[in-house]
Amino acid sequence: MAVVLLSSFTRRCTFCHQFHQRSIPLSSKLTREKSSKTDSKSHHSSIDKWIGVVGLEIHAQINTSSKLFSRASTKYGGNTNSQVSFFDAALPGTLPVLNQSCVEAGVLTAMALKCQINKISTFDRKHYFYADLPAGYQITQHQKPLAVGGEVVYVYQCSHTSRVERRSAELVQIQLEQDSGKSLHDTNEGVSLIDLNRAGVGLMEIVTKPDFCGGDDAASFVRELRDILMTINTCDGKMAEGSLRVDANISIHKHGQPLGVRTEVKNLNSLKSIRLAVDNEIERQIGIIEKGGVIVNETRSYDVETGETVSMRDKEKILDYRFMPEPNLPPLVLHTKSSLPSSMTTSSSSFTTSSIILDEIEGKVNKLPDTTRLHLETKYNIPLLHSMQLVRERLHILFETLVTKYDCSPMATSSILLNHYKAFQEAGRSLKEDVLSEMIHMYGSGLISGGSVSVLLEEVSKLDGVVDVREIAESKRLMVVEKDFIMATVEEVIVKNPKTVKAYRKGKTNQLKILSGKVLKKLEGRASLETVNNMICERLRD
């Protein structure tokens, strides 16, 4: 793998409108220009003029055992070309048979995303040539998709700070379509081979309006959408396996002016790639326009090695897809319980007779992430950042049990679960609820510090049967020390680090972290960071 050199530069945070330091690949010519000290001020003012506009097309693989129009398996990691039906290989005379489970998953997703479901939708052929698309066309829904509209409330999280806020984005439509196969390139032999295992796998294409302003915004939305799809079990959300892929349409403009020419960055398969690709493309477009250039309406890809978007094809090479109705599939008709009897005996009888009942699917919509977050925030008065992490890590049920059954402090409980118990659980270990609650009570009352919790978890997990958490904490010297002893240690660290103290007093507030780290090390973690920081600040105000 190539070694990528990194260069640091500052950019404006789209959340707090401040400039933060970050690293990106040094190979970018634009980045090298921006990173120079001589033109940093002009760079800041240049970026500040522009507004990024981003719309997304998310391709979510439907979580079913068979493909959209055939019975071939969708299992990931199968032997090459071992999951291919005659229809997937486009053998003459084969016909598509619509997978009812895929339709039900699409309807369930549309309901969860508050879309308007079309009771009659149609399939179309989208013609283009890829070596891994045997038929020479893709069956999709172009003219009349499964659902239109919709809205997603998501948690925007800044990648530079810990600040979060709720935002919402509108959807354009959800359509069902089939995936293509995969091209395998052997650069040593100079040949390309085809694996059709993915050919015909069912996809939901979820199209958003251009409601996002940058990489953090787009990545936050996709993370929320993935959480929703996993909650209702219509997609497994495994981006590394290709189950969720994103195309980003990106443009820039100045406030009060029309939207600029957009480019499309295709096949982003991780949240990090979405964030970096969108930000890089915005910066690339700003650089071109500031130098008097013109943005070309083109399709690009993101190179993870260089951290740049790379041109795939320009506007003169964009294909004419020659959409036409799919002749081998009748319109897809959905029913409600009230309309079912008449729809099978009147004019709708010429359409596909489907057993999909909208009323029955609606009852399968699980409690969505934001509903759970709001419940935690309202009932237990915890901040959005905590509720978001508890729900995302699937710790919210344990959280509620500890708070309601064992009368634990909500803030102390969320802090222990997120900062300590999460890693403990990920290592394949667990703890009885009553033991964990005793530990939380000790932490909440200030008897043990956050630094001691992880050690105490390890020690308690080694024992079987009845456990006295306090006795273990005392025997391992994990109990918080007296404040007089903490102050004495603070005084010792201040005396031994005059340069750090001088820098702090000159306004370099990051030096506080260095001082507190030294104090906590001497105390072996037997004090809370908050207490140590307060004592250092109080001492340095003298």
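See the structure above.
A brief look at the structure comes next. (Residues numbered from 1 in each chain as written. Predicted model: local features only at pLDDT ≥ 70, side-chain atom pairs only at ≥ 80, totals over all residues. Heavy atoms only, no water.)

## Details of the nonpolar core
Residues Leu 56, Phe 221 and Ile 274 are the most contacted members of the largest nonpolar core, which totals 67 residues. Counting residues per element, this core draws most heavily on helix α3 (residues 100-112), which supplies eight residues. Other than its neighbours up to four places away in sequence, Phe 221 contacts Leu 56, Ile 58, Val 152, Tyr 154, Ala 169, Leu 171, Thr 208 and Phe 212. Among the nonpolar cores identified, the runner-up in size contains 34 residues, and Ala 412, Leu 417, Val 460 and Val 469 belong to it. (Core = buried A, V, L, I, M, F, W, Y, C linked by side-chain atoms within 4.5 Å. Buried < 20%, exposed > 50% of the residue type's maximum accessible area, 1.4 Å probe, protein only. Helix = DSSP H or I, 4+ residues; strand = E, 2+ residues; numbered from the N terminus. Contact = heavy atoms within 4.5 Å.)

## Let's talk about the packing of aromatic side chains
Each pair of aromatic rings is reported with the distance of its centres and the angle of its planes. As enumerated under the stated definition, the model contains 10 aromatic pairs in all. Between Tyr 128 and Tyr 321, the aromatic rings sit 5.8 Å apart at their centres with planes inclined by 75°, giving edge-to-face as the arrangement. Linking Tyr 128 in the loop between β6 (124-127) and β7 (137-140) with Tyr 321 in the loop between β17 (308-313) and β18 (324-325), this pair joins segments that are 193 residues apart in sequence. Each member of the aromatic cluster is reached from another via a ring pair, and the members are Tyr 128, Tyr 130, Tyr 321 and Phe 323. The cationic tip of Arg 167 hangs over the ring face of Tyr 156; the distance from NZ or CZ to the ring centre is 3.7 Å. Lying over the aromatic face of Trp 50, Lys 254 brings its terminal NZ or CZ to 4.9 Å of the ring centre. (Phe/Tyr/Trp six-rings, centres within 6.5 Å; stacked < 30°, edge-to-face > 60°. Lys NZ or Arg CZ within 6 Å of the ring centre and 35° of its normal.)

## Brief notes about the pairing of strand β3 (residues 50-61)
The element β3 is extensively covered by neighbouring structure, given that 11 of its 12 residues are classed as buried. Of the pairings in the sheet, the one linking β3 to strand β14 (residues 244-254) comprises 11 bridges and is antiparallel in character. Bridging across to β14, Val 53 finds its partner in Ser 251. In this sheet, strand β13 (residues 202-208) lies alongside β3 in antiparallel orientation, the contact comprising five bridges. By the bridge assignment, Ala 60 is partnered in β13 with Met 204. (Pairing = 2+ DSSP bridges.)

## Quick notes on the packing of helix α9 (residues 384-392) against helix α11 (residues 410-426)
For the pair α9 and α11, the least separation of the axes is 10 Å and the interaxial angle reads 50°. With respect to α11, the element α9 is oriented oblique. Pair α9 / α11 crosses with left-handed handedness. Facing His 386, Gln 389 and Leu 390 of α9, the residues of α11 in contact are Met 411, Ser 414, Leu 417 and Leu 418. Here the contact of α9 with α11 is built from residues that sort into four nonpolar, three polar and no charged. (Axes fitted to C-alpha atoms, helices over the stretch in contact; angles between N-to-C directions. Parallel < 35°, antiparallel > 145°, perpendicular 65-115°, else oblique. Left-handed = near helix turned anticlockwise from the far one by under 90°. Nonpolar A, V, L, I, M, F, W, Y, C, P; charged D, E, K, R; others polar.)

## A few points about the sheet that holds β18
The strand order across the open sheet formed by three strands is β7-β6-β18, and the pairing between neighbours is antiparallel. Whereas interior strands pair on both sides, the edge strands pair on one side only; in this sheet they are β7 and β18.

## Overview of the packing of helix α12 (residues 433-444) against helix α13 (residues 450-461)
Geometry of a packed helix pair, given as the angle between the helix axes and the separation of the axes. One can describe the packing of α12 onto α13 by two numbers: an axis separation of 11 Å at closest approach and a directional angle of 160°. Taken together, the axes of α12 and α13 lie roughly antiparallel to each other. Where α12 crosses over α13, the two elements pack in a sense that is right-handed. Every residue of α13 that contacts α12 at Val 435, Leu 436, Met 439 and Tyr 443 is listed here: Gly 450, Val 453, Leu 456, Leu 457 and Val 460. A class-by-class count of the residues in the contact of α12 with α13 yields eight nonpolar, one polar and no charged.

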